[in-house]
Amino acid sequence: MKRKILVVIIIVLNVQLTTAQENKTHTYYLSSELNLGNYYGVDFNLNYVFKNKYSLKLGFSGNIRKPKSEPEDYSGGLNGIFHLGIENPYDHLLNYRVDFGRIHNLNQKGTIRANFSIGIGYTIIKEPENWQFIENDASINLAENYTYSYNSYNTLSLVINPKIEFPLTRFFGLSVSPMVQLNKDRTYFGIGLGTMLGKLK
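Cut-offs and rules
Residues numbered from 1 in each chain as written. Predicted model: local features only at pLDDT ≥ 70, side-chain atom pairs only at ≥ 80, totals over all residues. Heavy atoms only, no water. Helix = DSSP H or I, 4+ residues; strand = E, 2+ residues; numbered from the N terminus. Buried < 20%, exposed > 50% of the residue type's maximum accessible area, 1.4 Å probe, protein only. Contact = heavy atoms within 4.5 Å. Salt bridge = Lys/Arg side-chain N within 4 Å of Asp/Glu carboxyl O. pLDDT = per-residue confidence, 0-100.

> How would you explain the side chain of Asp43 if you had to name every residue and give the values?
Summarising the element assignment, Asp43 is placed in strand E2 (residues 40–50). Judged by relative accessible area, Asp43 falls into the buried class, the value being 0%. Apart from residues no more than four positions distant in its own chain, Asp43 is found in contact with Ser31, Ser32, Glu33, Asn35, Phe60, Ser61, Arg97 and Met179.

> If you had to explain the pattern of salt bridges to someone new, which residues and values would you point to?
The final tally for this structure, using the stated rule, is 9 salt bridges. Across the pair Asp43 and Arg97 runs a salt bridge, and its minimum N-O distance is 3.0 Å. Here Arg97 lies in strand E4 (residues 91–105) and Asp43 lies in strand E2, a separation of 54 residues in the sequence. Notably, a salt bridge pairs Arg113 with Glu165, separated by 2.7 Å at the nearest N-O pair. In this pair, Arg113 is assigned in strand E5 (residues 113–133) and Glu165 in strand E7 (residues 163–166), connecting sequence segments 52 residues apart. The class for Arg113 is buried, based on a relative accessible area of 5%. Taken together, the shared-partner salt bridges in this structure form one network comprising Asp43, Lys57, Arg97 and Asp99.

> Tell me about the environment of Leu200, residues and numbers included.
By secondary structure assignment, the location of Leu200 is in the segment after strand E9 (187–199). Leu200 sits 151 residues away from Val49 along the chain, and the two C-alpha atoms are 8.7 Å apart. Leaving out residues up to four positions away in the same chain, Leu200 has contacts with Thr27, Tyr29, Arg113, Pro167, Thr169, Arg170, Phe171, Phe172 and Gly173.

> Tell me about the confidence of the model for the protein, and please be specific about residues and values.
Within the protein, residue pLDDT values average 84, and 79% of them lie at 70 or more. Throughout residues 4–23 the model reports pLDDT below 50, and contacts reaching past four residues in sequence, or to other chains, amount to 1 contact.

> Any details on the environment of Leu193? Residues and values, ideally.
Examined against the element boundaries, Leu193 turns out to sit in strand E9. Each C-alpha atom of the pair Leu193 and Pro178 lies 9.0 Å from the other, and the pair is 15 residues apart in sequence. Residue contacts for Leu193: discarding those within four places in its chain leaves Ser32, Glu33, Leu34, Ser175 and Val176.

Put into structure tokens, the structure is as follows:
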């Protein structure tokens, strides 16, 4: 009887240790970043790491810049001032992507690691065009002095996004990540500064 109980205890402990080991080799977390480059904006990602070596990332980035087509004498008027420029025209670069990567620990504690990833993105480009001048009283200048319409189109992008991650605790970390998005119409390059939340290690 004692042997049977001992065998059951050993099996239960073995299963528990195996499960704990398996869970330790799979991590998942959310990351978000502020992007600065030839566009600026935000980046959100859902990350999964397998065996502390291979990464899968589902992400979205939304970036804007001052329109390249904007006339030199364009003014948003008081509308632009009161809305802090939010309603002003911008070039938009939106990207939905899937990245695959390889992780390398840069120190023995695992508090600094490199996540080299590359992926494919579905990119939406939206830009103002057809600028038409509006005659306004120059002394008042309360409204925009141009009308415009947006042109929107889609393309595929190659995304290169190496990242240095700092998992400071098991559940919180920081990251620094240069990024390049290449497609036939537009190129984004910049650097992101962000946070990581979830099961990091």
